[in-house]
Amino acid sequence: MTSAVKTPYSSEQITVWLRGLLTIAWADGNFDAQEQELINSITKDELAPCLKWDSLEIITPEELAAVLGKGTAVGENFLRTAVMVAIADGIYSPSEEKILHKFCQALELDTQALTALRHTLEHPKQVQETTLHPPDILHPLRDWLDGLEIHDPRVARFLCKMIPSQCPFERDVTLFGKKIVHIPPMCKINPLYEQLVGLRFRALSYLADECQEDVSQYI
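Figured I'd write up the structure that's included with this text. (Residues numbered from 1 in each chain as written. Predicted model: local features only at pLDDT ≥ 70, side-chain atom pairs only at ≥ 80, totals over all residues. Heavy atoms only, no water.)

**Description of the overall build of the chain**
Then step 1. Of regular secondary structure, the chain possesses eleven helices and two strands.
Then step 2. Mapped from its N terminus to its C terminus, the chain presents α and β elements in the order α-α-α-α-α-α-α-α-α-β-β-α-α.
Then step 3. Summarising the internal contacts of the chain: among those between residues at least 6 apart in sequence, 73% fall at separations of at least 24.
Then step 4. Split by element, the accessible area of the chain, about 11,700 Å² in all, is 54% carbon and sulfur. (Helix = DSSP H or I, 4+ residues; strand = E, 2+ residues; numbered from the N terminus. Contact = heavy atoms within 4.5 Å. Areas by Shrake-Rupley, 256 points an atom, 1.4 Å probe, with all protein chains shown as cover.)

Here is the structure:
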């Protein structure tokens, strides 16, 4: 899929961007078939159809910063999408946190938002309580994610595919006709789900309004 909309990102930046997301996806050592198929589809069909999935490799923080720059808007937007890859399943692992922190340092970006996210690892119970009652310790991260600027149709399509259109995964697990466990929807276990949905809506609006694309496939 192509678009006539002018993008501020070069092909080299998009390639590095993808390698960074791949590095995050592999961070916890559990890159399952479903995750691979999702990112493979996004890579092949949306972000960079000329790239070969098998040729993409993980990237070092230094390589990332060399192309995206230090203290740049493109680096910060990349970091926002990297955070989304890390938290999309509602689980933020220590290995993902470690990689994101290194990326943040190499890109020379403010770590306040990631500090708030790190708190979810150290005090998960407190996060669950404070997302329902003020003060909200994740407020800096919410504001930061809401600041993602969408200026590239490839990135917009990535957001539309990566973020589900509805709260997923809610279902009853049954055995021999009897319910043994209820799995809640993602919005109940991911305190940043509203931010993800907001980003997805902005991506849809960008594709429809700015790029004049048919977004029915994402709805």
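**Notes on the side chain of Gln 13**
Then step 1. Secondary-structure assignment places Gln 13 in helix H1 (residues 11-25).
Then step 2. Among all residues touching Gln 13, those that are not within four sequence positions of it are Pro 8, Val 67, Leu 68 and Val 74.

**Comments concerning the environment of Met 84**
Then step 1. By secondary structure assignment, the location of Met 84 is in helix H4 (residues 73-87).
Then step 2. For the pair Met 84 and Leu 159, spaced 75 residues apart in sequence, the C-alpha separation works out to 9.0 Å.

**Some details on the environment of Thr 111**
Then step 1. Residue position: Thr 111 is located in the loop between helix H5 (94-106) and helix H6 (112-122).
Then step 2. With relative accessibility at 27%, the residue Thr 111 sits in the partly exposed group. (Buried < 20%, exposed > 50% of the residue type's maximum accessible area, 1.4 Å probe, protein only.)

**What about the pattern of salt bridges?**
Then step 1. Counting across every chain of the model gives five salt bridges.
Then step 2. Put simply, Asp 152 and Arg 154 hold a salt bridge, and the shortest N to O gap is 2.8 Å.
Then step 3. Its salt-bridge partner being Arg 157, residue Glu 213 comes within 2.5 Å of it at the nearest N-O pair. With Glu 213 in the segment after helix H11 (193-210) and Arg 157 in helix H9 (residues 153-162), this residue pair connects regions lying 56 residues apart in the sequence. (Salt bridge = Lys/Arg side-chain N within 4 Å of Asp/Glu carboxyl O.)

**Some details on helix H3 (residues 61-68)**
Then step 1. Every buried residue of H3 is accounted for by Pro 61, Leu 64, Ala 65 and Leu 68. Projected down its long axis, H3 shows its buried positions confined to an angular sector of 95 degrees, all on one face. For H3, the exposed residues lying more than 90 degrees away from the buried face are Glu 62 and Ala 66.
Then step 2. Positive phi shows up at Gly 69, right after H3, with a value of about 90 degrees. (Arc of directions from axis to C-beta.)

**Examining the packing of aromatic side chains**
Then step 1. A full pass over the atoms with the stated rule returns three aromatic pairs.
Then step 2. Taking the centre distance of 5.1 Å and the plane angle of 65 degrees together, the rings of Tyr 9 and Trp 17 count as edge-to-face.
Then step 3. An aromatic cluster is defined as three or more aromatic residues linked by ring pairs; in this entry it consists of Tyr 9, Trp 17, Phe 78 and Phe 103. (Phe/Tyr/Trp six-rings, centres within 6.5 Å; stacked < 30°, edge-to-face > 60°.)

**Focus: the packing of H3 against H5**
Then step 1. At a minimum axis distance of 9 Å, the contact between H3 and H5 shows a crossing angle of 40 degrees. If you check the angle between H3 and H5, you find them oblique. In this structure, H3 crosses over H5, and the sense of that crossing is right-handed. Here Pro 61, Glu 62, Leu 64 and Ala 65 of H3 come into contact with H5, specifically with Lys 102, Phe 103 and Ala 106. (Axes fitted to C-alpha atoms, helices over the stretch in contact; angles between N-to-C directions. Parallel < 35°, antiparallel > 145°, perpendicular 65-115°, else oblique. Left-handed = near helix turned anticlockwise from the far one by under 90°.)

**A few points about unusual backbone geometry**
Then step 1. For Glu 108, which is not a glycine, the phi torsion comes out positive at approximately 55 degrees.
Then step 2. If you trace the backbone, Glu 108 turns up in the loop between H5 and H6.
Then step 3. Accessibility expressed as a relative area gives 52% for Glu 108, which makes it exposed.
Then step 4. The residue Gln 212 is not glycine, and still its phi comes out positive at about 55 degrees.

**Let's talk about the packing of H9 against H11**
Then step 1. Here H9 crosses H11 at 135 degrees, and the two axes come no closer than 8 Å. In terms of orientation, H9 and H11 fall into the oblique class. At the point where H9 passes H11, the crossing takes the left-handed sense. Contacts between H9 and H11 involve Pro 153, Ala 156, Arg 157, Leu 159 and Cys 160 on the former and, on the latter, Leu 199, Arg 200, Ala 203, Leu 204, Tyr 206 and Leu 207.

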